[in-house]
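# Geometric and topological summary
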Amino acid sequence: MVGLKEELLKSIWHAFTALDLDRSGKVLSHNLCTVLNVPHDPVALEEHFRDDDEGPVSNQGYMPYLNKFILEKVQGNFDKVEFNRMCWTLCAKKNLSKSPLLISDEDAFKVWVIFNFLSEDKYPLIIVPEEIEYLLKKITEAMGAGWQQEQSDHYKIALNTSREGLSAWELIELIGSGQFSKGMDRQTVSMAINEVFNELILDVLKQGYMLKKGHKRKNWMERWFVLKPNSISYYVSEDLKDKKGDIILDGNCCVEALPDKDGKKCLFLIKCLDKTFEISASDKKKKQEWIQAIQTTVNLLRAGSPPPHKEARQKRKELRQKLLAEQEELERQMKELQAANENKQKELETVRKQLEAAAARAAEEEKKRLQTQVELQDRFSLELEREKMVRQKMEEQVAQKSSELEQYLQRVRELEEMYKQLQEALEDEKQARQDEETVRKLQARLLEEESAKRAELEKWHLQQQQTIQMTEAEKQELENQRMMKEQALQVAMQQLKQLELERKEALEQYEEVKKKLETAANNTKSWKDKVAHHEGLIRLIEPGSKNPHLITNWGPAAFTEAELEERQRSWKGKKATSE
């Protein structure tokens, strides 16, 4: 709750400094209560802002009132973006630069919110050069451009020589000037600012399209997934207007890779206490990235750690404080050494003056001794011995002071050596950053080559699919021809069966006719036997010759050949009709 209060105070500070609280403090308080979902009493609000200069705001200042009556009642159930937008509306018009910027007002608002997140916890709010470099580097990387370290170093040097950091409005003017985004269009810069805003402010750890399997209908639908520190939300599209559901994450959740099945590839499973979710990524790289991101989030929840960007900000702040403390300690030691050196110089100067005074006294005494040599011979000897002893003590003191001075100079040289080592460490860190940037560029090139190979493979796959479709069409045509031939075969079989039936009927008729002929032959034979008993009385009519005129014993035959052929044709016609 303390961290939330500090974040709120930074945005409120901008609105607070931009307004005349004697006239607009009531409006600011009312708006804060509204956007922070804090219950407030209009009567009490009027009481606090009485015009007689006797209310608590007039007597005690606005901040105690803000802490007691508003911030202490905040529960966290409010829209942070809406709260920041309200504070931005109150302060932007007064402070935003009138010169044209290369970013929109919405992008300037997002930069302002990011400034509040990265600024130091002291007022007036500023953002230090290290955090400026961190923000510009993230925006440049989000645009897909290379980070210009030399330009950043020159800018940091110029900034360090003039002031400690930038205000929010100076940061907006710096980003809006295009100094670090040359060659990029406004849409690219806007998308980069939005990506950094989502990560640092909205705690979006990862987002992208994937397929999700339904729990009821078991169908696969494409959804836009957004990973945050304690949940995964999925929407119909990336505009985030139609939200379909949430996957609440906690320390008991886990994520597992699944083998390909049912025609779906790159599958993984998210297990929660009450539900499991099957998800299909677009490729293996995306699958591994999502699994790693979700597992990292779950591990942070188990450890109770903040999101990575907040933890990194805290570490940077602690490192700056540590370096500042070390620098202050070094300066304190240097001041102590300098003070000790000055004291030693003063002591040496005092000894020198004492020696000069002693020399002057010795000369004066020598002069007196010469004048009174006879009278003061014994006294002179004693004085000379005493002077020698004093001189010896003085020389010993000088030697001791010289030794102490040498030790002090040795400590100064050691400090200079430590300073050189610190400079070398900074150079090594700079070289390591450059090597890291080189490796990142190499990784980007490898990713581009992999994308090109994947595109070529997809092209070959498409050609293979087209060939398969043509083969399927030819196969379908042959199948249709086979079906037509089978139908024709069925008709021919039916006709063959019909002909078989007709043949059987013809055989039956032939058997009947054959029987009739046999009967007629038997009858004829019996008649012949009878006629044989009567010689010459009757002669059977037998078929005549093939001559045009048939002659019997009694004259011409009963039928001519033409009449017989006519009767045969008539008989065949009747037979065909009966069949």
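Residues numbered from 1 in each chain as written. Predicted model: local features only at pLDDT ≥ 70, side-chain atom pairs only at ≥ 80, totals over all residues. Heavy atoms only, no water.

The line we're drawing: UniProt positions are given in the numbering used here, feature names are shortened, and annotations may be inferred rather than shown by experiment.
The name recorded for the chain in an unreviewed UniProt entry is Switch-associated protein 70, from Origma solitaria. What UniProt states about the chain under its Subunit (unreviewed entry) heading is, verbatim, "The SWAP complex consists of NPM1, NCL, PARP1 and SWAP70."

### Quick look at the overall build of the chain
Applicable threshold: Numbered from the N terminus, helices here are DSSP runs of H or I no shorter than four residues, and strands are runs of E no shorter than two. Residue burial is assigned from relative accessible area. The probe radius is 1.4 Å, only protein chains are included, and a residue is buried under 20% of its type maximum, exposed over 50%, and partly exposed in between. Note on contacts: a residue pair is in contact if any heavy atoms of the two residues lie within 4.5 Å. Areas reported as accessible are Shrake-Rupley estimates using a 1.4 Å probe. Residue values count occlusion only from the protein chains shown.
Regarding its fold elements, the chain presents 15 helices and 9 strands. Within the chain, the fraction of its 579 residues that count as buried is 27%. Look at the contacts in the chain between residues 6 or more apart in sequence, and 59% of them connect residues 24 or more apart. If you sum the accessible surface of the chain, you get close to 40,200 Å²; carbon and sulfur atoms cover 53% of it.

### Some words on the pairing of strand β6 (residues 267–271)
Selection rule: At least two bridges found by DSSP between two strands are what make those strands a pair.
Of all 5 residues that make up β6, 4 are buried, and the element is covered over most of its length. Sheet topology note: the strand β5 (residues 254–258)/β6 ladder contains 5 bridges and is antiparallel. Note on β6: the bridge partner recorded for C254 is K271. Examined bridge by bridge, β6 and strand β7 (residues 276–280) share 5 bridges and lie antiparallel to one another. Pairing of K271 across the sheet is with T276, part of β7.

### Notes on the nonpolar core
Spelled out, the test is: Definition used in this section: a nonpolar core is a set of buried Ala, Val, Leu, Ile, Met, Phe, Trp, Tyr and Cys residues joined via side-chain atoms within 4.5 Å.
L8, L32, L36, F83, W88, W112 and I172 are the most contacted members of the largest nonpolar core, which has 59 residues in total. Not counting residues up to four positions away in its chain, the partners in contact with L8 are L36, L71, V74, F78 and F83. Grouped together as the second largest cluster of nonpolar side chains are 21 residues, C253, V255, F277 and I279 included.

### Describing the sheet that holds strand β1 (residues 206–213)
Pairing between sheet strands relies on hydrogen bonds along the backbone, with the strands arranged either parallel or antiparallel. Inclusion rule: Only C-alpha atoms enter the line fits that serve as axes; for helices the fit covers just the stretch in contact. Angles between N-to-C directions range over 0 to 180 degrees.
Strand order in the open sheet formed by 7 strands is β4-β3-β2-β1-β7-β6-β5, with antiparallel pairing between adjacent strands. Sheet topology places β4 (243–248) and β5 at the edges, where each strand pairs with a single neighbour. The sheet shows a mean angle of 35° between the axes of neighbouring strands, direction not considered.

### Let's talk about the layout of surface pockets
Which parts of space are left empty comes out when a probe the size of a water molecule is rolled across the atoms. Convention followed: Cavity means a closed set of points on a 1 Å grid over the protein atoms alone, one where a 1.4 Å probe fits but cannot get out, pocket means an open set with protein on both sides within 12 Å along at least 5 of 7 lines, and lining means a residue has an atom within 4 Å of a point. Grid points are joined across faces, edges and corners, and a volume is the space filled by probe spheres set on the points. When residues are sorted by character, Ala, Val, Leu, Ile, Met, Phe, Trp, Tyr, Cys and Pro go into the nonpolar class, Asp, Glu, Lys and Arg into the charged class, and all the rest, Gly among them, into the polar class.
Approximately 1,100 Å³ is the volume found for the second largest pocket. E195, L205, K206, K286 and E289 are, among the 29 residues lining the second largest pocket, the residues nearest its centre. Of all the elements in the fold, those that place two or more residues in the lining of the second largest pocket are α8 (129–142), α11 (186–200), β1, α12 (284–303) and α14 (377–532). Sort the elements by how many residues they give to the lining of the second largest pocket and α14 lands first, with 7 residues. Each residue belonging to the lining of the second largest pocket can be placed in one class, and the counts come to 11 nonpolar, 5 polar and 13 charged.

### Notes on the pattern of salt bridges
In plain terms, the rule: We count a salt bridge whenever a side-chain nitrogen from Lys or Arg sits within 4 Å of a carboxyl oxygen from Asp or Glu.
Applying the stated criterion across every chain yields a total of 29 salt bridges. Here E336 ties to R332 by a salt bridge, and the two come within 2.2 Å at their closest N and O atoms. Highlighted residues: E336 and R332, both in helix α13 (residues 308–371), separated by 4 residues, approximately one helical turn. Across the salt bridge formed by K401 and E347, the nearest N and O atoms sit 2.5 Å from each other. A residue pair is termed long-range when its members are at least 10 positions apart, and K401 in helix α14 and E347 in helix α13 qualify at 54 residues.

### Notes on unusual backbone geometry
For the bond from Y123 to P124, the omega torsion is 0°, close enough to zero to count as cis. Despite not being glycine, N37 has its phi angle at roughly 55°, a positive value. Structurally, the position occupied by N37 is in the loop between α2 (21–35) and α3 (42–48). Even without a glycine there, the phi angle at D262 is positive, about 55°. Mapped onto the fold, D262 is located in the loop between β5 and β6. The exposure class of D262 is exposed, given its relative accessible area of 67%.

### Here we look at helix α10 (residues 168–176)
Among the 9 residues in α10, 7 count as buried, and that is most of the element. Just past α10, the residue G178 takes up positive phi, approximately 80°.

### Here we look at the environment of E130
Structurally, E130 is set in helix α8. Separated by 186 residues in the primary sequence, E130 and R316 have C-alpha atoms spaced 8.6 Å apart.

### Brief notes about the side chain of S119
If you trace the backbone, S119 turns up in the loop between α7 (105–118) and α8. Using a relative accessible area of 1% as the deciding quantity, one classes S119 as buried. Those residues in contact with S119 that lie beyond four places of it in its chain are K10, L125, I126, I127 and K317.

### Observations regarding the pairing of strand β2 (residues 220–228)
For a regular strand, side-chain orientation follows a simple rule: the groups alternate between the two sheet faces. As paired elements, β1 and β2 share 8 bridges and run antiparallel to each other. Across the sheet, K213 pairs through a bridge with W220, a residue of β2. Linking β2 back to strand β3 (residues 231–235) in an antiparallel pair, the connection comprises 2 residues.

### Some remarks on a negative patch on the surface
Convention followed: Residues qualify for a patch when their relative accessible area is over 30% and they have no salt bridge, like charges being joined within 9 Å and the nonpolar side chains of Val, Leu, Ile, Met, Phe, Trp and Tyr within 5 Å. We treat Lys and Arg as the positive residues and Asp and Glu as the negative residues; His and chain ends play no part in the count. Each charge is placed at NZ for Lys, CZ for Arg, CG for Asp and CD for Glu.
A surface patch of like charges, here negative, comprises E417, E424, E427 and D428. Within the secondary structure, D428 is located in helix α14.

### What to know about the packing of helix α6 (residues 80–95) against α7
What counts here: Oblique is the label for every angle not falling under 35 degrees (roughly parallel), over 145 degrees (roughly antiparallel), or within 65 to 115 degrees (roughly perpendicular).
Interaxial distance between α6 and α7 falls to 10 Å at its minimum, and their mutual angle equals 105°. In terms of orientation, α6 lies roughly perpendicular with respect to α7. In contact with V81, N84, R85, C87, W88 and C91 of α6, α7 contributes D105, E106, A108, F109, W112 and V113. Residues belonging to the contact of α6 with α7 are distributed by class as follows: 8 nonpolar, 1 polar and 3 charged.

### Focus on empty space enclosed by the protein
Using the criterion set out here, one finds 3 cavities of 30 Å³ or more in the structure. Estimates place the volume of the largest cavity at around 220 Å³. As for the largest cavity, its lining consists of 16 residues, of which E7, K80, N84, V113 and I201 are closest to the centre. Looking at the lining of the largest cavity, the elements with two or more residues in it are α1 (2–18), α6 and α7. Here the lining of the largest cavity takes 5 residues from α1, the largest share from any one element. Split into classes, the residues belonging to the lining of the largest cavity amount to 8 nonpolar, 3 polar and 5 charged. In this structure, the second largest cavity spans a volume of roughly 80 Å³. Among the elements that take part in the lining of the second largest cavity, α8 stands out by supplying 3 residues, more than any other. Broken down by class, the residue content of the lining of the second largest cavity amounts to 7 nonpolar, 2 polar and no charged.

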